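A structural walkthrough
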Amino acid sequence: MFVSLVISFKNEEKNLSELIKRCVEVVKKNYKYEIIFVDDASNDKSLEILLNYRKENKNIKIITTSRTFGVSPCVLAGFEKAKGDVIIYMDSDLQDPPEIIDELINKYKEGFEVVHTVRRKRYGESFFKIFLTKIAYKLINLFSDIELLENAGDFKLISRNAINEILKIQDADPYLRGLSVWVGYKQTYISYERQPRLYGRSKFTFFNNLNPYKEFIRGITSFSLVPLYFSLFIGVIFSLISFIFLVVVILHKYLGLNLPGWSAIMVAILFFGGMILFTLGLLGIYIGNIFKQVQGRQKYIIKNFYD
């Protein structure tokens with residue numbers, strides 16, 4: 001069996017040596033393998049380190065991008081170059097242990113073509129982050145037409161058949177966790193305990209360009225039109241409320257009753273104004289996705305490929 005490991009990273013010079021050591025120890029015993037590192041325009045010594053390791057091990061391959069494109073596009077670049085019967089993609093921070101690769105492959109041998117990993121525990125992560133992640137998964141599953149496994153992340157095995165189908169998808173802003181579910185095929189999962197990051201700091205902070213809330217929005221809007229229907233529903237409900245309020249005002253006027261209530265009017269104006277802006281924001285997200293799609297730009301640009 002030919003196994004391809006795809007690892008996207010940016011500025012991970014401190015983690016790479018340990019990552020390579022552990023990955024090679026796992027796969028070299030039983031499989032023909034390649035490890036494809038996708039360097040998302042790092043500005044540290046990551047590329048230099050990888051090139052040195054490549055001198056000793058030609059199974060290590062390196063893709064460099066022309067600029068920072070983000071995790072999903074870089075993983076897709078790795079998929080494009082991967083030659084394996086199965087492709088396993090994972091993060092570079094060693095929170096996801098390479099030692100469970102054998103378990104993933106055993107599930108593939110049982111007939112499963114997509115094998116997810118689900119985190120039983122998440123060490124080194126704050127309660128607040130875990131709580132928000134749990135809510136995000138529930139909302140994505142509620143509104144979208146895919147069913148994501150809760151606490152499943154970017155560490156999974158995908159068969160050659162499923163990878164070929166994923167590569168056919170032309171989404172301008174791909175949500176890779178969703179695509180691996182959307183393509184179908186026989187799927188399962190294994191569970192593990194996620195460890196704290198070995199070195200460095202996470203690139204997925206809330207105010208970073210790679211922040212989680214953008215992934216959350218991408219997850220919902222890539223696989224569902226429900227938010228648009230929600231806007232329509234809210235619009236109908238508030239229109240009915242406005243009509244009822246209009247009837248009440250007319251009755252009060254007809255009966256000669258005083259109608260004080262500047263505060264109530266202002267509250268109503270601000271409330272309805274907020275809902276209008278909320279609805280326009282939802283429309284804007286979808287229109288923005290359409291705009292990206294019709295531009296037809298490639299999702300990534302490969303600067304160099306050290307094969």
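Before reading on, note that the structure itself is shown above.
Below: a short report on this structure. (Residues numbered from 1 in each chain as written. Predicted model: local features only at pLDDT ≥ 70, side-chain atom pairs only at ≥ 80, totals over all residues. Heavy atoms only, no water.)

1. A short note on the overall build of the chain
- Counting its secondary structure elements, the chain contains 10 helices and eight strands.
- Counting across all 307 residues of the chain, residues that qualify as buried make up 42%.
- Pairs at least 24 apart in sequence give 82% of the contacts found in the chain among residues at least 6 apart.
- Accessible surface, the chain as shown: approximately 17,000 Å² in total, 62% of it carbon and sulfur. (Helix = DSSP H or I, 4+ residues; strand = E, 2+ residues; numbered from the N terminus. Buried < 20%, exposed > 50% of the residue type's maximum accessible area, 1.4 Å probe, protein only. Contact = heavy atoms within 4.5 Å. Areas by Shrake-Rupley, 256 points an atom, 1.4 Å probe, with all protein chains shown as cover.)

2. Section: the side chain of Ser92
- Following the sequence through the fold, Ser92 ends up in the loop between strand S4 (86-90) and helix H4 (101-109).
- Look at Ser92 and you get buried, because its relative accessible area is 4%.

3. Regarding the environment of Pro174
- Its place among the elements puts Pro174 in the loop between helix H6 (160-168) and helix H7 (176-182).
- The exposure class of Pro174 is buried, given its relative accessible area of 3%.
- A C-alpha to C-alpha distance of 8.5 Å links Pro174 and Lys299, two positions 125 residues apart in sequence.

4. Comments concerning the nonpolar core
- Within the largest apolar cluster, 32 residues are counted, with the highest numbers of intra-cluster contacts made by Leu5, Leu19, Ile35, Phe37, Ile88, Ile101 and Phe155.
- Of all elements in the fold, only strand S1 (2-9), helix H1 (16-27), strand S2 (32-39), strand S3 (60-65), S4, H4, strand S6 (152-159) and strand S7 (187-194) reach the threshold of two or more residues within this core.
- With seven residues, the top contributor of residues to this core is H1.
- If we ignore the near neighbours within four places in the chain, the residues touching Ile101 are Leu5, Val26, Val27, Ile88 and Phe155. (Core = buried A, V, L, I, M, F, W, Y, C linked by side-chain atoms within 4.5 Å.)

5. Brief notes about unusual backbone geometry
- Phi at Ala41 takes a positive value of approximately 60°, unusual for a residue other than glycine.
- Turning to its location among the elements, Ala41 is positioned in the loop between S2 and helix H2 (46-56).
- For Ala41, a relative accessible area of 23% translates into the label partly exposed.
- The phi dihedral of Tyr185 is positive, around 65°, even though this residue is not glycine.
- If you trace the backbone, Tyr185 turns up in the loop between H7 and S7.

6. A short note on the pattern of salt bridges
- According to the stated counting rule, one finds five salt bridges in the structure shown.
- Among the salt bridges present, the one from Lys61 reaches Glu34, with a minimum N-O distance of 2.8 Å. Of this pair, Lys61 sits in strand S3 while Glu34 sits in strand S2, and the two are 27 residues apart along the sequence. Here Lys61 matches Glu34 in class, with each residue buried.
- With its nearest N and O atoms 3.2 Å apart, the salt bridge here joins Glu165 to Lys168. Residue Glu165 and its partner Lys168 are both found in helix H6; the two are separated by three residues, about one turn of the helix.
- Under the relative-accessibility criterion, Glu165 is labelled partly exposed at 30%.
- By relative accessible area, Lys168 is classed as exposed at 57%. (Salt bridge = Lys/Arg side-chain N within 4 Å of Asp/Glu carboxyl O.)

7. A word on the packing of H1 against H2
- Contact geometry of H1 with H2 gives a least axis separation of 10 Å together with a crossing angle of 35°. Where H1 crosses over H2, the two elements pack in a sense that is right-handed. Residues Leu16, Ser17 and Ile20 of H1 lie in contact with H2, whose contacting residues are Ser46, Ile49, Leu50 and Tyr53.
- Among the residues forming the contact of H1 with H2, the class breakdown is five nonpolar, two polar and no charged. (Axes fitted to C-alpha atoms, helices over the stretch in contact; angles between N-to-C directions. Left-handed = near helix turned anticlockwise from the far one by under 90°. Nonpolar A, V, L, I, M, F, W, Y, C, P; charged D, E, K, R; others polar.)

8. Describing H2
- Where H2 is concerned, the buried positions are Ser46, Leu50 and Arg54. Seen from one end, H2 has its buried residues packed into an arc of 70°, which puts them on one side. Residues of H2 that are exposed and angled more than 90 degrees away from the buried face: Glu48, Lys55 and Glu56.
- Where H2 is buried, its residues touch S1, H1, S2, S3 and strand S8 (302-306). (Arc of directions from axis to C-beta.)

Fair warning: the whole summary comes from geometry, so function is off the table for now.
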